[in-house]
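What the coordinates show
Spelled out from the first residue to the last, the chains are:
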Amino acid sequence: MSIALYRKYRPATFGEVRGQEHVTDPLRQALRSGRINHAYLFSGPRGCGKTTSARILARSLNCAEGPTPDPCGTCDSCVSLAPDGGGSIDVIEIDAASHGGVDDARDLRERAFFSPVNSRYKIYIIDEAHMVTREGFNALLKLVEEPPPHLKFVFATTEPEKVIGTIRSRTHHYPFRLIPPSTLKELMEDLLKEEEVTYDPAALPLVVRAGAGSARDTLSVLDQLIAGSDEGGITREGAVSLLGYTDSSLLGEMVDALGARDGAAAFGLVDRVVEGGHDPRRFTTDLLERFRDLVVLSAVPDAIDKGLVNVSPESVDQMKEQAARLGPAELSRAAEVLNQGLTEMRGATAPRLLLELLCSRILLPATDGDQGVALLARLEQMERRVASGAIAPQASAPAPAPAAPAPVRQPSPPQPAAPAPQAAPPQRPARTEAPEPAPRQAPRPSQPASRNEPSGWDAPAPAPAEPRPAAPASGGPLDLGRLQGAWHQVMEAVKGRRRFTWMMLHGGDVQPVGVEGNTVLLGFSKPNEAKGFTTSGSDQVVAGAIQQVLGAEVRVAPAGVGGPPAPPRRPEPAPRPAEPSGWDAPPVRNEPAPVQARPEPAPEPERPAGPPPERLLSDRPEPPPDPYEDAAAAPPPEDHGPPAPVRNAGPGNGRPEESAPREERPANAPAPRPASAGAASAGPSSSGGSGNGVGGVSLIETELGGKLIEEIEHEPSEGF
């Protein structure tokens, strides 16, 4: 009957322990100098030598020649504590996983005070110490803090943070580490020579990889391979088949398929893996390991000679060629995608589906969320295509370059020369005929122009004309099908720019419904949403997103007001002056007849010889003043009246109809005198019984909220 290799070749001294020199050397020095602590804590991964080192420490302490770092191996204590010995009654090993309660701790405390039977020290080795309960540790606390001189404790655990601090602070803590692969490889070579077993050197890296740095796990795998090998010994094919690793040739084919963007070959290999009974998770792990080796090879050409990459000799040439053909960006991106997918595969119910999705992501760099790495990978693909001779598409690139500045320079000269066509053309002659209202209207159109376009009222048209010819030059012609196909990406870009606009479009399920020239029309189900979309500036956000995704400079407008709305907005400065911004602003544009009738002041030289102003209204005696008299029927003004008016028209008003309803005159007050000549010129044009729609009565009713009670008409005299 054979003994397991990890038991048969268990180290008997600190000198035989491999890969843990940072622990064994200080312990040997402590034994040599006699500075031995009463409690030790050994921690580290499984199978790295914690319990073995605890036994060696007990053997060194109880040796007849000890305490010594090198036990003699001949005394009774050394023989009983040897790897194949029967054990000693004074060295007690306790498995805390099954003896970690408070009752077990109390029993240990009662027995610990008894002296050792035939050894120097009574030593307790508590394995899996993290399984001891808090109550058990508290029961041992006083004993560990002040033990008898003959008592020593060695705690071994894989989770030292679970040992309570009061115990951990009273021990000497020695952390064990994973054993390096080179050390494990040397250990296996020595054991195979001792066992006289032939082996393939290419199989040992697979065993080291399966052991994952643990000496016990590595020796267990090696023991399994030895047991299953025939006269030919241990082979790489047998190790791959037994350990479940993916064949190196299959990994090489997958790397070639992904590098060549051959989707048919890649998905065919995935089918071969699943049909062959291989675990998709294991295949993903092996493929990630292969990409890691390729990344190292691309950065370090002699990585195989330095031992950074452990592969079979027949795969070396293939991997070097793959590393040189595929760029580091593409290799690193593929490794990153596989690493993320391997994390998602944990607990997945359909690992094959996830593996196929990973392959599709590697095949299409544009689907990757990391745009920087994906862009670099696509640049490397383009460089390889250019190197192979595919450079014909660059001939059409310089064609639109000279055409782009031409449309921009053409509208620039007409800016100072032809401002009139962009404003209302029929209204410009009316402004030139009347010299007086021209200076009044000039500053008023500048106000809406300054709100819309800071370049001035005379040059608003060339500004929107500049980006229109530049749109085809940047992204080519834009059609509705192309825009609808990329609308999801446009929405993502809008979301990154302005979340309010994205919520408006997403909540209303807005989609592009048409493209007219360089204007994109969006369909809204509610008119209010379309109006809010335009007034909130969201159209510019969507236009910027379209330029970011498709490279086309366009205008965006709702379908109900898309395209045509630009022309009606330009003539807005012309009707704006008609709105009364003050009482000294006569509506010249809406009433051209009174403007031409202004030659009425021609009989002014005869007015000084006419009747006095009190007799201008009628031949009859003047009636008593009416406080509710309508100012619209005021008599025409004369220039020979006294300057001091009885009826207060307000500073700078010039409109007598406003002050009439607000002022009450006493009964004995003189008759109201006519207003100035400026008011006379404004009165006929803005008030009176002609019913032109902009009279003083209508202004009083609409602007001041007044009400007309009675209107008295006065007949002018014949001399007037």
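Above this note sits the structure.
Quick caveat, the model's predicted, so the values are computed rather than measured. (Residues numbered from 1 in each chain as written. Predicted model: local features only at pLDDT ≥ 70, side-chain atom pairs only at ≥ 80, totals over all residues. Heavy atoms only, no water.)

**A short note on the overall build of the protein chain**
When helices and strands are counted, the protein chain shows 36 helices and eight strands. Here the protein chain holds 720 residues, and 39% of them are scored as buried. Residue pairs at least 24 apart in sequence account for 73% of intrachain contacts in the protein chain once pairs closer than 6 positions are excluded. Carbon together with sulfur atoms contributes 54% to the accessible area of the protein chain, which is approximately 39100 Å² in total. (Helix = DSSP H or I, 4+ residues; strand = E, 2+ residues; numbered from the N terminus. Buried < 20%, exposed > 50% of the residue type's maximum accessible area, 1.4 Å probe, protein only. Contact = heavy atoms within 4.5 Å. Areas by Shrake-Rupley, 256 points an atom, 1.4 Å probe, with all protein chains shown as cover.)

**Remarks on the packing of helix 5 (residues 102-112) against helix 6 (residues 134-145)**
For the pair helix 5 and helix 6, interaxial distance at closest approach is 7 Å and the crossing angle is 15 degrees. As summarised for this structure, helix 5 and helix 6 are arranged roughly parallel, according to the angle between their axes. Where helix 5 crosses over helix 6, the two elements pack in a sense that is right-handed. Contacts from Val102, Ala105, Leu108, Arg109 and Ala112 in helix 5 reach Glu135, Gly136, Ala139, Leu140 and Leu143 in helix 6. A per-class count over the contact of helix 5 with helix 6 returns seven nonpolar, one polar and two charged. (Axes fitted to C-alpha atoms, helices over the stretch in contact; angles between N-to-C directions. Parallel < 35°, antiparallel > 145°, perpendicular 65-115°, else oblique. Left-handed = near helix turned anticlockwise from the far one by under 90°. Nonpolar A, V, L, I, M, F, W, Y, C, P; charged D, E, K, R; others polar.)

**Observations regarding the pattern of salt bridges**
Enumeration over the complete set of coordinates arrives at 19 salt bridges. Measuring nitrogen to oxygen at the nearest pair gives 3.6 Å for the salt bridge that ties Arg111 to Asp107. Taken together, the positions of Arg111 and Asp107, both in helix 5 and four residues apart, correspond to about one turn of that helix. Glu321 is the partner of Arg325 in a salt bridge, and the nearest nitrogen-oxygen pair spans 2.9 Å. One end of the pair, Arg325, and the other, Glu321, are both in helix 15 (residues 316-325), four residues apart, so they sit about a helical turn from each other. (Salt bridge = Lys/Arg side-chain N within 4 Å of Asp/Glu carboxyl O.)

**With respect to helix 11 (residues 236-243)**
Within helix 11 the residues assigned to the buried category are Arg236, Ala239, Val240 and Leu243. The arc that holds every buried residue of helix 11, seen down its axis, measures 100 degrees, which confines them to one face. Those residues of helix 11 that are exposed and angled more than 90 degrees off the buried face are Glu237 and Ser241. The elements touched by buried residues of helix 11 are helix 9 (204-211), helix 10 (215-228), helix 12 (248-259) and helix 14 (280-299). Remark: Gly244 follows helix 11 within two positions and exhibits a positive phi of approximately 80 degrees. (Arc of directions from axis to C-beta.)

**Regarding the pairing of strand 6 (residues 511-516)**
When a strand is regular, its side chains alternate between the sheet's two faces. Taken together, the five bridges between strand 6 and strand 7 (residues 519-523) define a ladder with antiparallel strand orientation. In the sheet register, Val515 faces strand 7, and the bridge partner there is Val520. From the end of strand 6 to the start of strand 7, which pair antiparallel, there are two residues, and Gly517 there has a positive phi angle of about 70 degrees. (Pairing = 2+ DSSP bridges.)

**Thoughts on the sheet that holds strand 7**
Backbone-to-backbone hydrogen bonds pair the strands of a sheet. The strands run either parallel or antiparallel. Ordered by their spatial adjacency, three strands build an open sheet running 6-7-8, and the pairing between neighbours is mixed. For this open sheet the edge positions go to strand 6 and strand 8 (555-558), each flanked by a neighbour on one side alone. When the angles between neighbouring strand axes are averaged without regard to direction, this sheet yields 30 degrees. Sitting on the sheet, helix 31 (residues 538-550) is in contact with strand 7 and strand 8, with an inclination near 135 degrees to strand 8.

**Thoughts on the side chain of His150**
Its location among the elements puts His150 in the loop between helix 6 and strand 4 (151-157). Contact partners of His150, with chain neighbours within four places excluded, come to Ala112, Phe113, Phe114, Ser115, Pro116, Arg120, Tyr121 and Lys122.

**Here's the deal with the environment of Ser538**
Within the secondary structure, Ser538 is located in helix 31. Overall, Ser538 belongs to the buried group, its relative accessible area being 0%. Each C-alpha atom, one on Ser538 and one on Thr501, is 5.6 Å from the other, the two residues being 37 residues apart in sequence. Leave out the neighbours within four places in its chain, and Ser538 touches Arg498, Phe500, Thr501, Met504 and Phe533. For Ser538, the side chain forms a polar contact with the side chain of Thr501, separated by 3.1 Å. (Polar contact = N/O pair within 3.5 Å; in protein donor to acceptor, adjacent residues only side chain to side chain.)

**Examining the environment of Glu21**
Examined against the element boundaries, Glu21 turns out to sit in helix 2 (residues 21-33). Its relative accessible area of 42% is what places Glu21 among the partly exposed residues. In the structure, Glu21 is positioned 155 residues away from Phe176 in sequence and 9.5 Å away in space, judged by C-alpha atoms. Within the local environment of Glu21, its side chain forms a polar contact with the backbone nitrogen of Gly19, the two atoms lying 3.5 Å apart.

**Observations concerning the nonpolar core**
Core analysis: the largest hydrophobic core is formed by 36 residues, its most contacted members being Met254, Leu258, Phe283, Leu287, Phe291, Leu294 and Leu338. Contributions of two or more residues to this core are made by helix 12, helix 13 (263-275), helix 14, helix 15, helix 16 (328-344) and helix 17 (351-363). Counting residues per element, this core draws most heavily on helix 14, at seven residues. (Core = buried A, V, L, I, M, F, W, Y, C linked by side-chain atoms within 4.5 Å.)

**Looking at the packing of aromatic side chains**
Overall, the coordinates contain seven aromatic pairs when judged by the stated rule. For the ring pair Tyr40 and Phe42, a centre distance of 6.4 Å and an interplane angle of 45 degrees mean the geometry is tilted. According to the relative accessible area criterion, Phe42 is buried, its value standing at 0%. With 6.1 Å between their ring centres and 75 degrees between their planes, Phe42 and Tyr174 make a pair best called edge-to-face. Of this pair, Phe42 sits in strand 1 (residues 39-43) while Tyr174 sits in strand 5 (residues 172-175), and the two are 132 residues apart along the sequence. Through a chain of ring-to-ring contacts, the aromatic side chains of Tyr40, Phe42, Tyr174 and Phe176 assemble into a single cluster. One residue, Lys495, lies across the ring of Trp502, its end atom 4.7 Å from the ring centre. (Phe/Tyr/Trp six-rings, centres within 6.5 Å; stacked < 30°, edge-to-face > 60°. Lys NZ or Arg CZ within 6 Å of the ring centre and 35° of its normal.)

**Focus: the sheet that holds strand 2 (residues 91-95)**
Pairing within the open sheet is parallel, and its five strands lie in the order 2-3-4-1-5. The open sheet has two free edges, formed respectively by strand 2 and strand 5, since each of these has just one partner strand. On average, each strand axis in the sheet is tilted by 15 degrees relative to the strand beside it, whichever way the strands run. Where strand 1 lies against strand 4, five bridges are found, and the strand directions are parallel. Across the sheet, the residue bridging to Tyr40 is Val154, located in strand 4. Together, strand 1 and strand 5 form the strand contacts of helix 2, whose direction differs from that of strand 5 by roughly 145 degrees. Contacting strand 2, strand 3 (122-127) and strand 4, helix 5 crosses the sheet at an angle of about 165 degrees to strand 3.

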